[in-house]
Amino acid sequence: MPATVVIGLQFGDEGKGKIIDFLAERADVVVRFQGGANAGHTVQVGEDLYAFHLLPSGILRKRTLNIIGNGVVIEPAQLLKELEEVRARGHPAENLRISDRAHVVLPYHKILDGLEEALKGGLGAGTTLRGIGPAFEDKVGRFGVRMCDLVDPDVLREKLRRFVPIKQRMIAALGGSDVLDADGIAREHIAFGERLAPFVTDTSVLLETQLAKGKRVLFEGAQGTHLCIDHGIYPFGTSSNCVAGAAAVGAGIGPRHLGEILGVAKAFTSRVGAGPFPTEIEGRDETAVHLRETGGGEYGTTTRRPRRVGWIDLVMLRMSVRVNGLTGLAVTKLDVLGGLDRVRACTAYERKGERIREFPASMRVLSECVPVYKELKGWPAQSEEEWEGIARKGKRALPDPMRRYLTFLEAQLKVPVRIASVGRSRAATMSLGR
Ligand code: IMP
């Protein structure tokens, strides 16, 4: 493992945190390179559950260096809160470094997120309201405040003095009534900057040094390919690039360093937020309830909204394999399908009598697509302990129909399944070793 990128292949919430935690055991460095506090990575250690939004998932391992790269947008109060939480639970978290080029999410970004969403009506993505879109808008529009500014009170004051009145006008123009206090924001953020300053550095240089020493680096993707600003279901995705190539840009290294590209897919599909979802099983359908409620429940880690659920979509996943250049697959939540007689996989769409094999760009076309399913035999439900026992024994202990399901996925997607996960705990994650 020189440098491995872990990417979500669906709509986020694929269980990447758990796969990353599994791989972090062998990693020297874990890097977040895009997104922000909209991400929610759940990591379970023994009985303890941790939900990270900004902290990289290797933070609980003392010897692992954790980097928040330039491609991430950082809400300082949220980051400090997470740091305090892990410290309170016995983890010193001194192994963190933050890029001086990462952008800062400011209070007005959250206000604008809410106002923009409300005005968009049916074209709203159902955002996490963490200010992500407006923060990336400011980055591209060159209204941004970066971490190097946050730790420099003079520059911070100057930027806020110029930008806050502009944002105030925007808030009013969008129908908002919030009143911004530039001095208050500056004071609060100067204090945040003082607390975060020990972690802020040029992480591109740091990472280059680590790679030159042959350290094993793990790039931790947030969200998923189909939420990507370029390759996702626009405009219902997020505002950053969530694909493997973004790891190089968002961490400040050259793409030649990216070796293994591991894509994480759930054995079914789920999402929070709006947008077309061809394989969705709607309403209180028995299978939908089964998928949502089994295995800890399908509720967004960041917003706790119930996730929409449906069958695995191979049209969607074929695109994910392509745009990420995947070298391997990790399939999660296989245990959740346990207890269903038959499981389905969408192999193509049909629209107006035509077979569609490539994921369409147009949301109108996508919403008219009807899934074509292949049905496979299901496997029995098991207790958490039973699944862990199976995971310990390895691939041969998997129920036959599950093994056939994985072989079917490999044949359809033309990528080997390297990791399978059959439960929430670390013990339920198994390497299939190819
Ligand atoms: P935003 O990233 O908060 O702007 O939200 C845009 C869309 O992406 C919404 O549909 C969110 O529900 C979705 N989203 C953002 N981050 C995540 C994530 O980490 N997991 C799942 N969905 C996400």
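Residues numbered from 1 in each chain as written. Predicted model: local features only at pLDDT ≥ 70, side-chain atom pairs only at ≥ 80, totals over all residues. Heavy atoms only, no water.

## A look at the site of the ligand
This is how the line gets drawn: A cutoff of 4 Å decides nearness: a residue is near a molecule or strand if any of its heavy atoms lies inside that distance of it. Polar contact is defined as a pair of N or O atoms within 3.5 Å, subject to the rule that within protein one atom must be able to donate a hydrogen and the other to accept it, and that residues adjacent in sequence are counted only when both atoms are side-chain atoms. Computed by Shrake-Rupley with a 1.4 Å probe, the accessible areas treat only the displayed protein chains as cover when residues are assessed.
Around the ligand sit 19 residues, and of these Asn38, Ala125, Thr128, Thr238 and Arg271 come closest. Within the side chain of Gln223, a nitrogen or oxygen atom sits 3.2 Å from a nitrogen atom of the ligand. Side-chain polar atom of Arg271 to an oxygen atom of the ligand: 2.8 Å apart, as the coordinates give it. Coverage of the ligand by the protein amounts to 97% of the 470 Å² it exposes when considered alone.

## Examining empty space enclosed by the protein
Keep this limit in mind: Cavities and pockets are defined on a 1 Å grid built over the protein atoms alone: a cavity is a set of grid points where a 1.4 Å probe fits but cannot escape, while a pocket is an open set with protein on both sides within 12 Å along at least five of seven lines, and lining residues are those with an atom within 4 Å of any such point. Grid points are joined across faces, edges and corners, and a volume is the space filled by probe spheres set on the points. Helix and strand definitions here come from DSSP, where helices need a minimum of 4 consecutive H or I residues and strands a minimum of 2 consecutive E residues; each element is numbered from the N-terminal end. Polarity classes work like this: nonpolar for Ala, Val, Leu, Ile, Met, Phe, Trp, Tyr, Cys and Pro, charged for Asp, Glu, Lys and Arg, and polar for all others, with Gly in that last group.
Counting across every chain of the model gives one cavity of 30 Å³ or more. What the largest cavity holds in volume is close to 30 Å³. Taken together, Lys18, Asp21, Thr42, Val43, Gln44, Arg424, Ser425 and Arg426 form the lining of the largest cavity. Among the elements of the structure, helix 1 (16-24) and strand 3 (41-45) are those that each provide at least two residues to the lining of the largest cavity. Top element by residues in the lining of the largest cavity is strand 3. It accounts for three residues. A breakdown of the residues in the lining of the largest cavity according to their chemical character gives one nonpolar, three polar and four charged.

## Looking at the pattern of salt bridges
Counted only if it meets this: By convention in these notes, a salt bridge is any Lys or Arg side-chain nitrogen within 4 Å of a carboxyl oxygen on Asp or Glu. Using a 1.4 Å probe on the protein chains alone, a residue whose accessible area is under 20% of its type maximum counts as buried, one over 50% counts as exposed, and one in between counts as partly exposed.
A full pass over the atoms with the stated rule returns 25 salt bridges. Close ionic contact of Asp13 with Arg307 constitutes a salt bridge, the shortest N to O distance being 3.3 Å. Residue Asp13 is located in the loop between strand 1 (3-8) and helix 1, and its partner Arg307 is located in the loop between helix 10 (286-293) and strand 13 (308-310); the two are separated by 294 residues in the primary sequence. On the accessibility criterion, Arg307 (5% relative accessible area) is buried.

## Describing the environment of Ala182
For clarity, the cut-off: Residues are treated as being in contact if the distance between any of their heavy atoms lies within 4.5 Å.
Positionally, Ala182 belongs in helix 7 (residues 182-196). Separated by 74 residues in the primary sequence, Ala182 and Arg256 place their C-alpha atoms 43 Å from one another. Beyond its immediate stretch of four places on either side in the chain, Ala182 contacts Leu160 and Val164.

## What to know about the sheet that holds strand 15 (residues 328-332)
Basically, it comes down to this: When DSSP finds two or more bridges between a pair of strands, those strands are recorded as paired. Interaxial angles span 0 to 180 degrees and are taken between N-to-C directions of axes, which are lines fitted to C-alpha atoms, for helices over the stretch in contact.
Read across the sheet, ten strands follow the order 9-7-5-2-10-1-11-15-19-20 without closing on themselves; strand pairing throughout is mixed. Among the strands making up the open sheet, the edge pair consists of strand 9 (200-201) and strand 20 (429-431). Strand contacts of helix 1: strand 1, strand 2 (29-32), strand 10 (217-220), strand 11 (260-266), strand 15, strand 19 (417-421) and strand 20, with the helix running at about 55° to strand 20, the strand carrying the most contacts. Relative to the sheet, helix 8 (residues 203-212) contacts strand 1, strand 2, strand 5 (65-68), strand 7 (96-99), strand 9 and strand 10, its axis offset from that of strand 5 by approximately 140°.

## What about the side chain of Glu14?
Among the structural elements, Glu14 can be located in the loop between strand 1 and helix 1. On the basis of relative accessible area, Glu14 is assigned to the buried category, the value being 0%. From its side chain, Glu14 meets the backbone nitrogen of Leu9 in a polar contact 3.3 Å long.

## A few points about helix 3 (residues 107-120)
The condition that has to hold: An expected span of 1.5 Å times one less than the residue number is assigned to each helix.
Taking 1.5 Å per residue as the helical rise, helix 3 with its 14 residues ought to reach 20 Å, and the 21 Å between its terminal C-alpha atoms agrees with that figure. Restricting attention to buried positions, one finds in helix 3 the residues Tyr108, His109, Leu112, Asp113, Leu115, Glu116 and Glu117. Contact partners of the buried residues in helix 3: strand 8 (103-104), helix 4 (132-141), helix 6 (153-173) and helix 7. Residue Gly121 follows helix 3 closely and has a positive phi angle near 55°.

## Examining the nonpolar core
Which entries qualify depends on this criterion: Buried Ala, Val, Leu, Ile, Met, Phe, Trp, Tyr and Cys residues that are joined via side-chain atoms within 4.5 Å together make up what is termed a nonpolar core.
By size, the foremost hydrophobic cluster in this structure holds 61 residues, and its most contacted members are Val5, Leu207, Phe219, Leu334, Leu337, Tyr405 and Leu406. With six residues, the single largest contributor to this core is helix 14 (residues 400-413). Apart from the residues within four sequence positions on either side, Val5 is in contact with Phe33, Phe219, Ala244, Ala247, Leu258, Glu260, Ile261 and Leu262. In terms of nonpolar packing, the next biggest core, distinct from the first, is built from 40 residues, Ile68, Leu83, Leu106 and Leu196 among them.

Shape is all these values report; function is a separate question.
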